[in-house]
Amino acid sequence: MRDADPGLFGPGSVTWQLHGDPIMWVAGVRALYLQALHPRAVRGVMENSDFRKDAWGRLLRTADFVGTITYGTSLQAERAGARVRGIHRRLGATDPRTGERYGVDDPDLLLWVHCAEIDSYLAAARRSGLPLTGGQADAYVDEQRTAARLVGLDPGTVPDSTLALADYFERVRPELAATADSDAVYEFLHAPPVPWPLVPARALLWARVADLAYAALPPFAQQLYGRPAPSAAAAGLRLRLAGRALRTIPSQLRWQLPPGHILKAVGRLGPGSHPSVYKLREGARSLP
């Protein structure tokens, strides 16, 4: 007998479809670039994470968290959120400009990390050709307030539409800056450490993902980094080509990659629950 618990989002949500798309691999890296431009947020990472030595472990843990809260049961999602909140409560960092000590669970920092992620997922998906309508994009931002609650935010303080998300970025931009920490993140993302036999693969595959993720950043972020970037039109073309190529990989093959949450969800809820771009199109047609 199957467990009919659809989790916190469920197969009818935009989140369910979007998070199953392979362009999320690029979107996640874009989010890391963007998040590093908040001096206090990136300092919290630098002081509390050995990401240089455990890069792939950190990426897999992030993917596991997103997969769990998207495709896991309600209980699994709530437990994952509780673990993250517990970790954050114990961690602090020192402001590089003022010397002030602060907690990494500061609501302003949690909101920045959340919005940078959601903006990255949504922007990469839409620019790569995923057929999201304006209404579906708004629904996705609204749905993600549930994810914000899990990490400790009051959903009422979190953007609930694409317009509210854009307004948030306008308000927060004066706080953003390129720093030695963000430069370190940039360099790391372009050439993360790998065993020497994998260096050619890093140059062939990872470097392209990192370059594409940087190209997908909003212009203000590229200006802060001060690194060369393609035009918006060129970046858009590269994203569409990448999205088309990634979506030719059979979903059953992609879903075998760890942590495998989609396969577990389909096994729990039945074959009709799998994420699909066609469900977005069907949802758009059903709108009044």
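The structure this text deals with has already been given above.
What you see is a predicted model; the values in this text were computed from it and never measured.

S.K.: How should the nonpolar core be read in this particular structure?
M.R.: Across soluble globular proteins, nonpolar side chains show a tendency to be buried alongside one another. One finds Leu18, Tyr33, Trp112 and Phe169 to be the most contacted residues of the largest nonpolar core, which totals 68 residues. It is helix α6 (residues 107-127) that contributes the most residues to this core, 11 residues altogether. Once residues lying within four places of it in the same chain are set aside, the contact partners of Leu18 are Met24, Tyr121, Leu122, Ala125, Leu130, Leu132 and Tyr140. By size, the runner-up hydrophobic cluster in this structure holds 6 residues, among which are Tyr71, Ile262, Ala265 and Val266.

S.K.: I keep staring at the packing of helix α7 (residues 134-143) against helix α9 (residues 162-172) and nothing clicks. Help me out?
M.R.: When two helices pack together, their arrangement is given by the angle between their axes and by how far apart the axes lie. Between α7 and α9, whose axes approach to 8 Å, the crossing angle comes to 65 degrees. Taking contact as the criterion, the partners of Ala137, Asp138 and Val141 in α7 are, on α9, Thr162, Leu163 and Leu165. Split by residue class, the contact of α7 with α9 holds 4 nonpolar, 1 polar and 1 charged.

S.K.: Explanation requested: helix α3 (residues 39-48) in the structure shown.
M.R.: In an α-helix, one turn spans 3.6 residues, which is why side chains three or four residues apart end up on the same side. A large share of α3 lies buried, amounting to 7 of its 10 residues. For α3, the set of buried residues is Pro39, Arg40, Ala41, Val42, Arg43, Gly44 and Met46. Buried residues in α3 make contact with α2 (24-35), β1 (92-94), β2 (101-103), α6 and α10 (180-190).

S.K.: In this structure, what is going on with α7? I would like to understand it.
M.R.: Buried within α7 are the following residues: Gln136, Ala137, Tyr140, Val141 and Glu143. Down the axis of α7, the smallest arc covering the buried residues is 165 degrees, so these residues share one side.

S.K.: How should I be thinking about the pattern of salt bridges in this particular structure?
M.R.: Counting across every chain of the model gives 13 salt bridges. Linking Arg43 and Asp181 is a salt bridge whose minimum nitrogen-to-oxygen distance equals 2.8 Å. Pair noted here: Arg43 is in helix α3 and Asp181 is in helix α10, with a separation of 138 residues, a long-range link. Looking at Asp181, the relative accessible area reads 12%, which means it is buried. Put simply, Arg101 and Glu47 hold a salt bridge, and the shortest N to O gap is 3.2 Å. Placement of Arg101 in strand β2 and of Glu47 in helix α3 is noted, with a sequence separation of 54 residues between them. One network of salt bridges, in which partners are shared, links Arg40, Asp95, Arg97 and Glu100.

The rules behind the values
- Residues numbered from 1 in each chain as written.
- Predicted model: local features only at pLDDT ≥ 70, side-chain atom pairs only at ≥ 80, totals over all residues.
- Heavy atoms only, no water.
- Core = buried A, V, L, I, M, F, W, Y, C linked by side-chain atoms within 4.5 Å.
- Buried < 20%, exposed > 50% of the residue type's maximum accessible area, 1.4 Å probe, protein only.
- Helix = DSSP H or I, 4+ residues; strand = E, 2+ residues; numbered from the N terminus.
- Contact = heavy atoms within 4.5 Å.
- Axes fitted to C-alpha atoms, helices over the stretch in contact; angles between N-to-C directions.
- Nonpolar A, V, L, I, M, F, W, Y, C, P; charged D, E, K, R; others polar.
- Arc of directions from axis to C-beta.
- Salt bridge = Lys/Arg side-chain N within 4 Å of Asp/Glu carboxyl O.

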